[in-house]
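Here are the chains, one letter per residue:
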Amino acid sequence: MGSAVITARAAATFEPVGRSVATARAFVRDTLQGWGYTDVVDDAVVLTSELVTNAVIHAGTAADVLCLRTEDGVRIEVSDHYPEREVPLQGAGPEFGSPDREGGRGLLLCAALATRWGVEYSPARKHVWFQLDLPERPVGIRSAGPLLPVGMLPVTDERVRVAVVQIDGSDAIATWNEDAAYLFGHTAEQVGGKQFTDFTAWPQTPGTSTGIADALRLSRWEGSYGIRDVDGRIVPVYASHLRIRDTNGEPSTVCLLVRDYERAVLQSPPRAPVSDTATESGKTDPFEVFIGSPAPDDLDGLLQRTVERARDMLDADAAFLLLATDDETELEVRATTGLPSARQRFARVPVEAGTGRYGSARMPAVHEDLDNVPGAVPLLAGTGMRSVVTVPLKVEGRLTGSLGVAAEAAGRYTNEEALRLQFAADRIALAVESARLGELERLRRGSLSFLVEASDLLAGTLDRDQTLALMAQMTVPTLATWCAVYTIADQVSEPDLSYVLHEDEDRIDGLKALLSRIPPPEPVPTPGVRVWTAPSEAAHQAALRGSMRTLGLAENSRLGEPGRLGPDVRTTLATAAAVGGETVVLPLVARNRVIGMLTLGKPSDDHFRQEILELAEDLSRRAALALDNARLYSERMAISKSLQRSLLPPGLPEIPNVEIEVIYRAAGEGNEVGGDFYDVFPIRDGAYGFAIGDVCGTGPQAAAVTGLARHALRLLAREGFGGPAVLERLNAAILDEGSRSRFLTLLYGELWPQEDGSALLKVVCAGHPLPLRLRQDGLVEAAAEPQPLLGVIEDLELYEQTVTLDPGDVLLCVTDGITERREGSRMLGDDGLADVLATCTGLTAGAVAARILRAVERFAAEPASDDMAILAMRVPEPPAA
């Protein structure tokens, strides 16, 4: 930060969950907008989104976000709590990797967008910070003109009657009108000649130098401050300043003060025609004549100012302005006055509403009485307006919008008013189009950030339910007020309501109940947005029935005690308000099949704007693919788990006088089959077979060998073959698989419990880790000799070895996932396993297996990378006499 003065700070911590990214983005946006740093909001939000995604999604830790304001910009720090770091090699330059990687894009964006950025490490966390500098302009000024010589100031009369306060060149109050006396309690006599700064409460900010005196010297200024009233209280005001000079050349400042929640604008007064030269040099911009100065710097403000000026110019009761879509086929309502704007905002009407000249928005039109031509102006239906004049806004011959004014009386407008309104429209069309393009650019940048985050979040999960939740959480409230996701299991199944979300959690249950009662939208594969009217119609009908029931309660109630609304009626009415606006459906199409529908809704007759619908279409395509991937992954998981269960025995037999315990741990997420296996099964009266093996690799080919081995062992053993013959025939069967064969390590044995309490075993160890025998005195020794593994040599000759387990002895059999457990360069190995087994004297078979597994897990901090199987057999000691 250098020597920059920190004037404000804001901090927040976000949990390691997917929705925290959107919450962090909103936190930064709200913070910077609250500081007035709108110029850098979009870049800050994009960078914060990427860095918080790296922390909560990729690193899996909480993210700390700190915003620091300075006089020339903002610094944002994002910290995670991931303790382990890769230390860069000395001399290696920065390498961010591919921008297509899931993580790491945050640093690439920092390098592209930030003024300065860096990474700082500590033992417990990582800080990534970036600095965004503001454009060069005086701090604290919302809208201001340049410093002008006195001779260039606009000329006005000595006394300005349209202003509240006039300040002379020495900052003394020269004029104080009746409205000022009413608002602040001081009379003109009490304040005349006194310094204006004595009555102002300027919001001084540490590190800034702009004050009220500086604002009074600027040609134009708008902003908020306070005025001390007669009782000493501070009255917040919104001020418009205009720097002028009178006919004698003396400069002064006119200040128009209104309550802080109101807005008023001062226009430069026209200069008197002194000479032709003076007229040319003081030529007034026609745009500023109509709009006023200073002009609003945002599109919504410009459009609202336009309709208000148009209404006043023609003494109308209402005015409206519509903007054309990119393809010029529809017009979107963007600003109205005198009309129910809340219901009409973003409503769309066709450019060509009918045949003839007056049916097209491309030509001026005058309607003397709308009652004679119902539907001619759809926007005014049901508003009581009767006469209307509309004119197009065109830029280089292309339709960019339509401006209209209306009156409640018939016959108010003629072609003369249409001509005046067309002149005004021609003067503002270019400014409106420029502001609209600027807004579209900001929306596109925000859309890019939104889609980048959405793609990362959707790609980060393969869980169906989590994918559905992410789809809804990304759309509400960013794109819509409420959202419902329907899924379709297969082509013959009906759509199922799978997820419902509303920005007000108290509305979710009522919304879900409403949608469950109506038929789902038709699964049409045609791409694009469709309007769905069923939810709003059903909600309105339910609200009507609820209201009628309420009226019945009121009529039946006793005099003086009106009927009360029950909880069901209140829920119904609230749901009707929640879904009373426009509802649209977007198909979720993946791999040429409709797998569901994404439904978005607005409340209270509200409409979606075209840019939001286009963004929703982009999101629906990504969400459909993510949802289908989650479905395919779930199906694969179910198949893999079912196959894995089929490769393992359903249970262990009860062997007289022998304890048996098996522990099996699959590595990874369980989405692979094959690998290690075990089996214990009865062969014939008094004899039992046991096996533990490991097939090379995983996947379907390994699973085929595993299934072949386990079932062949049981079949051959029960046919009376001994251990070597069983394994030799199994070896031949594996080799018969040809290129699909996999080599197999296998420990196979047969067990006979003896009458004296011992157990007789005959074992064959074909390339497998040797079984270990633990005696009562703590001695650990190998119970077999190594022999060739299966699936490699054709003419395989094996032999079996006999082992006797005395009471108290333990036989331990494991796969190589146990012995090859690693921590860096260390490996547990056969010797390490023997050392652990030596500590198990006197333990049961279950306790021995549990201690071995616990020792293996503690040997390394990282999760196991290979399957592990443990088979422990123990001959118990006879009970004491």
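On a predicted model such as this, the values are computed, not experimentally measured, just so you know. Residue indices follow the written sequence of each chain, beginning from 1 at its first position. The model is predicted, so local features are restricted to residues of pLDDT at least 70 and side-chain atom pairs to those at 80 or more, both for listing and for counting; the totals for chains, interfaces and linings are taken over all residues. Where side-chain values are given, they derive from all heavy atoms of the structure, hydrogens and water being excluded.

**As for the overall build of the protein**
When you go through the protein residue by residue, the secondary structure sums to 21 helices and 36 strands. Relative accessibility thresholds used throughout: buried, under 20% of the residue-type maximum; exposed, over 50%; partly exposed, between the two (1.4 Å probe, protein chains only). In the protein, which comprises 881 residues, the proportion classed as buried is 48%. Contacts: residue pairs with any heavy atoms within 4.5 Å of one another. In the protein, once contacts between residues fewer than 6 apart in sequence are set aside, the share between residues at least 24 apart is 64%. Accessible surface is estimated by sampling points in the Shrake-Rupley manner with a 1.4 Å probe; for residues, cover comes only from the protein chains shown. Entry remark: accessible area of the protein is about 42900 Å², with carbon and sulfur atoms responsible for 51%. Each helix is a run of H or I in the DSSP string that is no shorter than four residues. Each strand is a run of E no shorter than two, and both are numbered from the N terminus.

**Structural notes on helix α2 (residues 41–59)**
Expected span of a helix: the number of residues minus one, times 1.5 Å. The first and last C-alpha atoms of α2 sit 26 Å apart over 19 residues, in line with the 27 Å expected at 1.5 Å per residue. Working definition for bend: take the seven residues up to and ending at a residue and the seven starting at it, fit an axis to each, and measure the angle between the axes. Along α2, the sharpest kink reaches roughly 25 degrees, centred on Thr-53.

**So, the side chain of Ser-758**
By the element assignment, Ser-758 lies in the loop between β27 (744–753) and β28 (759–766). Polar contact is defined as a pair of N or O atoms within 3.5 Å, subject to the rule that within protein one atom must be able to donate a hydrogen and the other to accept it, and that residues adjacent in sequence are counted only when both atoms are side-chain atoms. Separated by 2.7 Å, the side chains of Ser-758 and Asp-756 make a polar contact. Not counting residues up to four positions away in its chain, the partners in contact with Ser-758 are Asn-657, Pro-753, Thr-804, Leu-805, Asp-806, Pro-807 and Val-875.

**Points about the sheet that holds strand β1 (residues 6–14)**
At least two bridges found by DSSP between two strands are what make those strands a pair. Ordered by their spatial adjacency, 5 strands build an open sheet running β1-β2-β3-β5-β4, and the pairing between neighbours is antiparallel. Pairing within the sheet leaves two strands with one partner each, and these edge strands are β1 and β4 (116–121). Pairwise comparison of adjacent strand axes, ignoring direction, gives a mean angle of 15 degrees for this sheet. Relative to strand β3 (residues 73–80), strand β2 (residues 63–70) runs antiparallel, the two being bridged by 6 bridges. Of the residues in β3, the one forming a bridge with Leu-66 is Glu-77. Helix axes use the C-alpha atoms of the stretch in contact, all axes being lines fitted to C-alpha atoms, and the angles between their N-to-C directions lie in the range 0 to 180 degrees.

**Here's the deal with unusual backbone geometry**
Of note, the amide linkage connecting Val-476 to Pro-477 takes the cis form, showing an omega dihedral of 0 degrees. Position of Pro-477 relative to the elements: it lies in the loop between α12 (464–475) and β19 (482–487). Of note, the phi angle at Asp-171 is positive, near 70 degrees, even though the residue is not glycine. Inspection of the secondary structure assignment puts Asp-171 in the loop between β7 (165–168) and β8 (173–176).

**Remarks on the side chain of Asp-369**
Looking at the element boundaries, Asp-369 is found in the loop between β16 (365–367) and β17 (387–395). Residue classification places Asp-369 among the buried residues on the basis of a relative accessible area of 16%. At 2.6 Å, the side chain of Asp-369 forms a polar contact with the side chain of Arg-386.

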